[in-house]
Amino acid sequence: MTVAVVDMFSAEAEMAFVETLRRTGFAVLRNPPMDAARLQRMADDWRDFFLGEDKWNYIAEETPSGNTSGFIPPDVSETAVGHDRKDLKEFFHIMPETVLPARLADDAEAHLGDALSLGRLLLGWLDIHCGSALPPGLRGQLAESLSPSDSLLRILHYPPLTGDEPPGAVRAAAHEDINLITLLPVSVEPGLQVMGRDGQWTDVPGRPGDVIVNSGDMLQEASSRQLPSTSHRVINPSDTDSNLSRISMPYFLAPDLDVQLSRHHTAGSYLRERLNSLAR
């Protein structure tokens, strides 16, 4: 499977984005309306944060939506659905009221604003071209359904491998996202792969400054599967790759939890079902 690179400066960007998301569940945006210098600064600053001891002053707390806000260490990190090994990662969840280290707060808040604006634009494009697949209450309202308080910026740190990892453990096991769409600035370090319909894994293209977009389970549910939620993973570096830490900054854009995604689910019921499956 080939994930298309869509130039945001192109007159065909809107249709190219919709088509690749409909075909693969993924797109790579070139020249997105985001500050590339800020993204690089964030990656460097958050890497320093994870390598220091200050992170232990920001241990995560649960929010009313069921998400967590703050630092999640490796020993309580996620285990992907269908897997029995924790992912080799630590991360920090950021929501509107999250307490952040002062030196990281301004860039994080500016990035949240830019990402939310880009998300609204992209969902608006999907609404125009795929709106007939949406439930009546959501047609024409996909972009407006976005909820900053229910969306989540995750700053991920995949530490270098030491050789002491549990057998079979990987940086991020195969999974799908639960939200509407995810916006992910391309990482300097490689490793992100997407599964094609033939079951084969393919590297997601892109260069620093690009933004990867993928549709999540909620969008798949709301679009009657016309916009697929595609499995993806982050593989461990091989012996021939540089075994460096990896920073990733996905922003999971979610709707208000009362939004009716389908006859069977609101966004809230869908989220609770997924969180319960992770807890088992």
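This report concerns the structure included in the present document. Residue indices begin from 1 for each chain and proceed along its sequence in written order. Where local features are concerned, this predicted model is filtered to residues with pLDDT of at least 70; where side-chain atom pairs are given and counted, the filter is 80 or more; whole-chain, interface and lining totals use all residues. Just so you know, side-chain values use all the structure's heavy atoms and leave hydrogens and water out.

This next bit is on the packing of helix α1 (residues 13–24) against helix α3 (residues 102–130). Between N-to-C directions, angles span 0 to 180 degrees; the directions come from axes that are lines fitted to C-alpha atoms, helices contributing only their stretch in contact. Working definition: helices are DSSP H or I runs of at least four residues, strands are E runs of at least two. Numbering for both runs from the N terminus. Where α1 meets α3, the axes come as close as 10 Å, and the angle between the chain directions of the two elements is 80°. Between α1 and α3, the angle is such that the two are roughly perpendicular. Between α1 and α3, the contacting residues are Ala13, Glu14, Met15, Phe17, Val18, Leu21 and Arg22 on the first element and Leu122, Trp125, Leu126, Ile128, His129 and Cys130 on the second. Split into classes, the residues belonging to the contact of α1 with α3 amount to 10 nonpolar, 1 polar and 2 charged. In these notes the angle categories are as follows: under 35 degrees is roughly parallel, over 145 is roughly antiparallel, 65 to 115 is roughly perpendicular, and the rest is oblique. It only takes one pair of heavy atoms within 4.5 Å for two residues to be counted as in contact. As a working rule, the residues Ala, Val, Leu, Ile, Met, Phe, Trp, Tyr, Cys and Pro are called nonpolar, Asp, Glu, Lys and Arg charged, and the rest polar, with Gly in that last group.

So, on to the nonpolar core. Phe17, Trp46, Phe92, Ile94, Leu122, Leu126 and Leu183 are the most contacted members of the largest nonpolar core, which has 58 residues in total. Of the residues forming this core, the biggest block, 12 residues, is contributed by α3. Beyond its immediate stretch of four places on either side in the chain, isoleucine 94 contacts Trp46, Leu100, Ala108, Leu112, Leu152, Leu153 and Ile155. By nonpolar core is meant a set of buried Ala, Val, Leu, Ile, Met, Phe, Trp, Tyr and Cys residues that side-chain atoms within 4.5 Å join together. When a residue's accessible area, from a 1.4 Å probe over protein chains only, is under 20% of the maximum for its type it is buried; when over 50% it is exposed; and in between it is partly exposed. Counting residues in hydrophobic clusters, the runner-up holds 15 residues, among them Leu156, Tyr158, Val194 and Ile212.

The pairing criterion for strands is at least two bridges between them, as found by DSSP. Reading across the sheet, the 4 strands line up as β7-β12-β9-β10 and stay open at both edges, with antiparallel pairing between neighbours. If you trace the sheet from one side to the other, it starts and ends with β7 (172–175) and β10 (201–203), each paired once. Between one strand axis and the next, the sheet turns by 25° as a mean value, whatever way the strands run. Where strand β9 (residues 192–195) lies against β10, 3 bridges are found, and the strand directions are antiparallel. Its bridge partner lying in β10, glutamine 193 is registered against aspartate 203.

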